[in-house]
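What follows is the residue order along each chain.
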Amino acid sequence: MKVEELVEGLLSGNRRALARAITYVENEYPESKEIMKRIFTNTGKAHIVGLTGFPGVGKSTLVSKLTEEFRKRGKKVGIIAIDPGSPFTGGALLGDRLRLDGMDSRKPLWTDPGVFFRSMSSRGRAGGLAAKTGDVVRLLDAFGFDIILVETVGAGQSEVDIIEVADTSVVVMMPETGDEIQVNKAGILEIGDIYVVNKADLGGAEKVERWLRYMLSLDEESVQMLSQMTHADEARVASGEFFERRKGWCPPVIKTVADKGEGIAELADAIERHFKYMEETGLIEKRRKERVKRELFEIVMNDVIKLVKEKTNYRDVIAKLARNEIDPYTAADMIVEEVLKNAKER
Amino acid sequence: MTRIDEKRREWEEKCLKPWLQKAGQREERFETLSGVEVKTVYDPLDIEHLDFVKDIGYPGEYPFTRGVYPNMYRGRLWTMRQFSGFGTAEDTNRRWKMLLEEGETGLSTAFDFPTLMGVDSDDPLADGEVGKVGVAIDTLKDFEILFDGIPLDQVSTSFTINPPAGIILAMYVAIAEKQRVPKEKIRGTIQNDMLKEFHAQNTLVLPPEPSLKIIVDIFEWGVENVPKFNLISISGYHIREAGSTAVQELAFTIADGMAYVEAAIERGIDIDRLAPQLSFFFNSHNDFFEEIAKFRAARRMWAKIMRDEYGAKDPRSWWLKFHTQTAGCSLTAQQPLNNVVRTTIQAMAAVLGGTQSLHTNSFDEAWALPSEEAVRVALRTQQIIAYESGIPNVVDPLAGSYYVEWLTDKMEKLAWKYIEDIRKMGDGSMLRGVLRGIENGFFVREISDAAARYQREIEEGKRIVVGVNKFTIEEELRIPILKVDPEVQRRQIERLKKVKAERDNEAVREALEWLRSAAENDENVMPPIMEAVRSYATIGEIMGVLKEVYGTYKKPIII
Amino acid sequence: MEKKIRVLVAKVGLDGHDRGAKVLARFLRDSGFEVIYTGLHRTPQEVAMAAVDEDVDVVGISLHSGAHLALVPKVINYIREYGGNPDEMLILVGGVIPTDDIVELKKMGVDEVFIPGTPISEIVEFIKTKLPEKRKKNES
């Protein structure tokens, strides 16, 4: 398909065009830049919700139940599920989990035109997301989904990248011994806007809940403690630099039994409440600014590197560097100068 | 023993070693199909730790390693029971009558997928599947046709049915009523084993716990009403077909059996009343000695479990009686006649392992449902073993073989290890352990890994499958294939419509309401199911009520 | 970046035999494909929509229920209905399929039928050679 056709199709609600556009973007086809350029002004409307958590906590079931719930509320839902892909073979098993519902509770989420499900491989990338997750989210956004659910790999490593993509980050846990240590290690307490204790019908849910609330409130206390210190600290705290997510928004802890649909409505409420809170406090704009800044710098960085590769004799410089004939700082200066000189010829 | 030990060392040093240096051998390491390493040769030292009286003994006595009956096939041969069914009830009734004429001694029913899953033939989900892999059953009407001219006091009938097992049992009882055969006299088996469905076979409708509750309802009702009927066939067959090893098949089946017994005891059912109505179902695969060892180990384990763990008092309660089917997954589409040979070896293992009944696969089953000719050859295979080979004339003739006794013991030990792991998962309870293993994917993962390992060995040429990855030929395949009349679906739906129009719909409604209230109030569901069946309620309607009360199950995908 | 081949491995209909599908999914992954497995008991519509949304290159349908002649053409038709193009995908079927039906399925647009016992390396090879061929043919 041509770019024209794809963009037009995508913006007018053609699933096939959306699906193909994602393929282009995910695989970094030359056309992808053009596609992103053309759809960008149509983005910024969706509420992007990330779900992260350790393997086996039931993220996928939650995603499917949340989808049902948001559909009931009249929202269109796009879903991106990321699975680990091998950096060696490049192979991956994707979406091998939820795919919504058993055969008789056949609410047809699979064939519901208001639901779009796409799996992506992390292709060996760390951090819980696929490289092009951000752009794929934008495609879904431009297509017109109200809610976009992004489910991270969930391989147990720290998957904090989700906050770079999501407006609302949901951290999913379950009552199981050892969680506390795991969570501390993964730094997951820093990233959640909402915490879910799934499989709450297993014993020990209250314990995890209490512990979470304690850990989360402890942060509130330390905010207060800090604010009572020097002026400089107060200013920094007020700027949100440290505790942006805690200030004013104390992450709720919600117990769910996703299999049975328990707690799902409460979770959907919390997600909506968080979005409203962000809109009212201007936090959403702040977060999105952060995001586009990062993306912009990344694009610029890539362009600059491309320029370096195209417009300079960087190979010579590297060779000299390797022979210890010059130092890296001088080398960098040389290259920047050369780029600046030659770039205009572009 | 020291003499033997010395001799063994001497032989290894002076005889084997130089030979190996000169001639070498085909493989560095030899393994059973399950990956158990086997030595060049076995001797008395390998079974030194076994006690003949305690561990092997005599047939008909604890621990029944050698068979449940004292004289085994010298008394009665095993039941030759060929699994069959296709199309409508009329088609299957005809095939059954042919099999009975050919000398088959028990019936075994294959249902189509809609029936197995508890949906009616007119359900959109049934489209294209009605009567395809078995007979289509919607109401008692179909059963009346299916058993037309087959007196229930003279045959025993086995039903491979799981989520709707109670409904099918009720239908069989209703036919007995119509034929004026007392229900206390009817004989047969319902598979009714949901645990292995969660592990392997995937005929899944209700979640694990209500599935188990209904099974225990059937136990409770069955010991009172149909005392000669096997209320469950605890099945390793499907676990094996899904790719498990023989050890896993043995371990998971015994574990499931323990879970059922514990669930029945929790309900307050007298174990000595229930035990004679439990039966087992195993696979017989290619590794001849390993299969024989598996069957012997299973019997010994179950005897110990029933007597020592659950305190059953009647020696009959310690019996593990089992049906065997040769391994469907071992059949190849290539050079299909080779399957006759595979099936023969597998059938011999089953007989040498002391099976109570046997199904031999037909050679064309990797292509389609078996044709009449292929079914006949399969049955003849059993008859040749029974009447020509001399095998059934001596009980457990392989006992005392150093290798077979060692391997029997090995299988048992490996299986116990699995069972202890499962028990640990359930904090000491096998019932909880098995449910936990279903929930956390333990069983599925174990089986999938074994299946992948097996396939990898074939792909890499480490495992030879004759006609598939070695000794292949270019062949034009022309085997007569049984085709199911495409009109079956239409005819079946028409009959269903007619039944629905003619039955007393008020009676159906009342029976279903009774069922709903029984399910909601945690009462036994069998009496209302019996009533619903008699009023010609459909399987889909009855299952529908249970689904509404208990919810449905979605299996987590574990690859 | 070279595009990864995406394969949908689908179980359609009521049969629960998933050994073949799962083993295939694993081996395709290990051969460098991105594999999406549908799980059990899917309807033709569900399989078709997954094929379109996931923009897969190959649809592999596994069934052992004898319902292939009824269900496979439905999958193909629904792919078309949802805007997908079966002519640029490979449509593969695996399972217990009689020879006559294989001919029939191929007429319906199935590219190849794999019977029990087919080495998976053969399936991998088939995808790698036939996918570009079919694409090229479709473009011209």
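Reading the values: rules and limits
Residues numbered from 1 in each chain as written. Chains lettered and ligands numbered in written order. Predicted model: local features only at pLDDT ≥ 70, side-chain atom pairs only at ≥ 80, totals over all residues. Helix = DSSP H or I, 4+ residues; strand = E, 2+ residues; numbered from the N terminus. Rg over C-alpha atoms; globule rule 2.2 N^0.38 Å. Buried ≥ 20, exposed ≤ 12 C-beta atoms within 10 Å, placed from the backbone. Domains from an automatic or database assignment. Contact = placed C-beta atoms within 7 Å. Nonpolar A, V, L, I, M, F, W, Y, C, P; charged D, E, K, R; others polar. Pairing = 2+ DSSP bridges. pLDDT = per-residue confidence, 0-100. Axes fitted to C-alpha atoms, helices over the stretch in contact; angles between N-to-C directions. Parallel < 35°, antiparallel > 145°, perpendicular 65-115°, else oblique. Left-handed = near helix turned anticlockwise from the far one by under 90°. Core = buried A, V, L, I, M, F, W, Y, C linked by C-beta atoms within 7 Å.

> Any chance you could explain the overall build of chain B here in plain terms?
Helix and strand content of chain B: 21 helices and eleven strands. Taken against the 2.2 N^0.38 rule, which gives 24 Å for 559 residues, the C-alpha radius of gyration of chain B at 24 Å falls within 12% of a compact globule. If you line up chain B on its principal axes, its C-alpha atoms span 85 × 60 × 45 Å. Per-residue burial over chain B gives 51% buried out of 559 residues.

> When you look at the domain arrangement of chain B in this model, what are you seeing that I'm missing?
Often, the extent of an interface is quoted as the loss of accessible area on bringing the components together. Residues and elements named next belong to chain B. When its domains are assigned, chain B resolves into domain 1 (52-459) and domain 2 (503-550). Using C-alpha coordinates to define each centre, domain 1 is positioned 28 Å away from domain 2. The partner domain 2 presents 16 residues to the 27 residues of domain 1 that form the contact. Of all the elements in the fold, those that place two or more residues in the side of domain 1 that touches domain 2 are helix H5 (140-146), helix H6 (165-178) and helix H8 (208-225). Split into classes, the residues belonging to the side of domain 1 that touches domain 2 amount to 17 nonpolar, four polar and six charged.

> Hey, could you run me through the interface of chain C and chain B in this one?
Listed by partner, the interface residues are 28 residues for chain C and 35 residues for chain B. Listed by contribution, the elements that provide at least two residues to the side of chain C that touches chain B are helix H1 (19-30), helix H3 (68-81) and helix H5 (120-139) of chain C. Here the element with the most residues in the side of chain C that touches chain B is H1 of chain C; it accounts for six residues. Taken together, the residues of the side of chain C that touches chain B sort by class into 15 nonpolar, eight polar and five charged.

> Help me understand the interface of chain C and chain A, please; the structure alone is not making it clear to me.
On the side of chain A, 27 residues touch chain C, which itself brings 27 residues to the contact. Every element with two or more residues in the side of chain C that touches chain A is listed here: H1, strand E2 (34-37) and helix H2 (44-53) of chain C. Sorting elements by how many residues they give to the side of chain C that touches chain A places H2 of chain C first, with six residues. Looking at the side of chain C that touches chain A, its residues break down into ten nonpolar, eight polar and nine charged. Both strand E3 (residues 92-94) of chain A and E2 of chain C contribute to a ladder of three bridges, which runs parallel. Paired with Leu93 of chain A across the two strands is Val35 of chain C, which belongs to E2 of chain C.

> Is there a simple way to explain the confidence of the model for chain C in this structure?
In regions of low pLDDT, the predicted coordinates are not meant to be interpreted in detail. The predicted model of chain C averages 92 in pLDDT, with 99% of residues at 70 or higher. ipTM for the predicted complex: 0.93, alongside a pTM of 0.88.

> Could you clarify how one ought to interpret the packing of H2 of chain C against H3 of chain C in this entry?
Helix-helix packing: each pair is described by the crossing angle between the helix axes and the interaxial distance. Residue and element names in this part refer to chain C. Closest axis-to-axis distance for the H2/H3 pair is 8 Å, and the angle between their directions is 40°. Considering the angle they form, H2 stands oblique to H3. As for the relative orientation of H2 and H3, their crossing is right-handed in sense. Across the interface between the two elements, Pro44, Gln45, Val47, Ala48, Ala51 and Val52 of H2 pack against Leu71, Lys74, Val75, Tyr78 and Ile79 of H3. When its residues are assigned to classes, the contact of H2 with H3 shows nine nonpolar, one polar and one charged.

> What is the right way to look at the nonpolar core in this model?
Nonpolar side chains in soluble globular proteins tend to end up buried together. Ranked by size, the top nonpolar core spans 276 residues in total, and within it Leu139 of chain A together with Val35 of chain C carry the most contacts. Per-element tally for this core: the top contributor is helix H10 (residues 246-267) of chain B, with 13 residues. Here Val35 of chain C is in contact with Ala92, Leu93 and Leu94 of chain A together with Val7, Val9, Ala25, Leu28 and Arg29 of chain C, once residues within four sequence places are set aside.

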